[in-house]
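# Descriptive analysis of the structure
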Amino acid sequence: MALIEARDLTKTYRSGSAAGEVHALCGVSLDIDAGEFVAIMGASGSGKSTLMNLLGCLDRPTSGSLRLDGEAVDGLSGDALAAIRNRRIGFVFQQFNLLPRTSARENVELPLVYAGVPARQRHARALDCLREVGLQERAGHTPAELSGGQQQRVAIARALVNRPQLILADEPTGALDSATSDEVMRLLAGLNESGITVILVTHEADIAAWARRRIVFCDGRVVEDVRQDSRSGFQRVRSTRVSPS
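In every chain, residue numbers begin from 1 and rise along the written sequence. This being a predicted model, a pLDDT of at least 70 is required before a residue's local features are given, and a value of 80 or more before pairs of side-chain atoms are given or counted; all residues contribute to the totals for chains, interfaces and linings. Each side-chain value is derived from all of the structure's non-hydrogen atoms; neither hydrogens nor water enter the calculation.

Within the element layout of this structure, glutamine 151 appears in helix α5 (residues 148–160). Accessibility expressed as a relative area gives 16% for glutamine 151, which makes it buried. Placed 16 residues apart in sequence, glutamine 151 and leucine 135 show a C-alpha to C-alpha distance of 9.8 Å. Here a residue-residue contact requires only that any non-hydrogen atoms of the pair lie within 4.5 Å. For glutamine 151, the residues in contact, after removing those within four places along its chain, are Phe96, Leu98, Pro143 and Leu146. The definition of a polar contact used here is a pair of N or O atoms within 3.5 Å, where within protein one atom must be able to donate a hydrogen and the other to accept one, and adjacent residues in sequence count solely through side-chain atom pairs. Side-chain polar atoms of glutamine 151 contact the backbone oxygen of leucine 146, separated by 3.4 Å. To qualify as a helix, a DSSP run of H or I must reach at least 4 residues; to qualify as a strand, a run of E must reach at least 2; elements of each kind are numbered from the N terminus. To sort residues, take the accessible area from a 1.4 Å probe on protein chains only and compare it with the maximum for the residue type: under 20% means buried, over 50% means exposed, and anything in between is partly exposed.

The next thing to look at is the sheet that holds strand β1 (residues 2–14). Strand pairing within a sheet occurs via backbone hydrogen bonds; the two strands may be parallel or antiparallel. Sheet architecture is open: 4 strands sit in the order β2-β1-β4-β5, paired in antiparallel fashion. Two strands in the sheet have a free side with no partner beyond their single neighbour: β2 (21–33) and β5 (71–72). Pairing between strands is defined by DSSP: at least two bridges between the two strands are required. Where β1 lies against strand β4 (residues 63–68), 5 bridges are found, and the strand directions are antiparallel. Opposite threonine 10, over in β4, you have serine 63 as the bridge partner.

As a further point, take the pairing of strand β7 (residues 166–170). Across the 5 residues that make up β7, a large majority, 4, are buried. When strand β6 (residues 89–93) meets β7, the two strands line up parallel, connected through 5 bridges. If you follow phenylalanine 93 over to β7, its bridge partner there is aspartate 170. As judged from the 5 bridges shared by β7 and strand β8 (residues 197–201), these two strands associate in the parallel manner. Across the sheet, leucine 166 pairs through a bridge with threonine 197, a residue of β8. Seen with its strands pointing away from the viewer, a crossover is right-handed when the path leading from the first strand over the helix to the second is clockwise. Taken together, β7, helix α6 (residues 178–193) and β8 form a β-α-β motif whose crossover is right-handed.

Below, the structure written as structure tokens:
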């Protein structure tokens with residue numbers, strides 16, 4: 001069953017240059033099923049980050065339609081989009097985006113604060129998620145007292161705390177060394193095996209190799225959509241390619 005259904009998505013930005021407009025997405029259509037692990041690749045300016053912003057309900061398309069778990073989201077109000085982000089989507093970023101003067105547990109609790117969850121439940125759920133990423137013993141430490149890999153695991157715990165259907169990871173290993181990157185990707189692969197849909201943006205082929213599906217963008221269009229073996233041990237599925245229009 002499709003968790004994400006995108007049809008003819010376009011995104012156009014006004015530019016200060018003589019050209020006047022920048023076409024970031026040009027009629028993108030794709031489905032992503034519940035439980036998939038997808039890597040989105042492409043050069044800077046190819047449209048991959050724009051797509052992630054739309055999938056994460058952080059922006060609206062200029063035209064086209066987008067459905068999340070059967071619900072049309074492209075025309076929703078800002079408050080409705082914020083509620084979907086908090087309820088259904090977990091975000092993981094390259095630079096971790098942790099509050100520097102608060103503990104790991106308090107950072108993980110933040111989405112629950114916005115959701116109005118009582119303090120005792122917040123504490124328990126945050127500790128459960130830190131335990132899931134192997135950091136329960138570091139719950140009281142601030143980001144400055146944690147390594148880069150540990151900070152990213154805190155960010156993943158924060159993404160999990162509202163029990164999302166979907167995790168969107170934007171260059172989640174971009175600030176990490178190769179050994180720590182493998183640890184983070186192993187964790188994301190394990191979450192995917194537990195049933196969570198994972199979509200990540202990456203420039204790195206070895207990171208994309210963890211996914212079961214690779215989608216490549218160029219000039220705002222999908223130019224390749226390939227099912228692949230993954231480093232986490234999934235079985236190979238038939239490949240398809242999309243020719244640029």
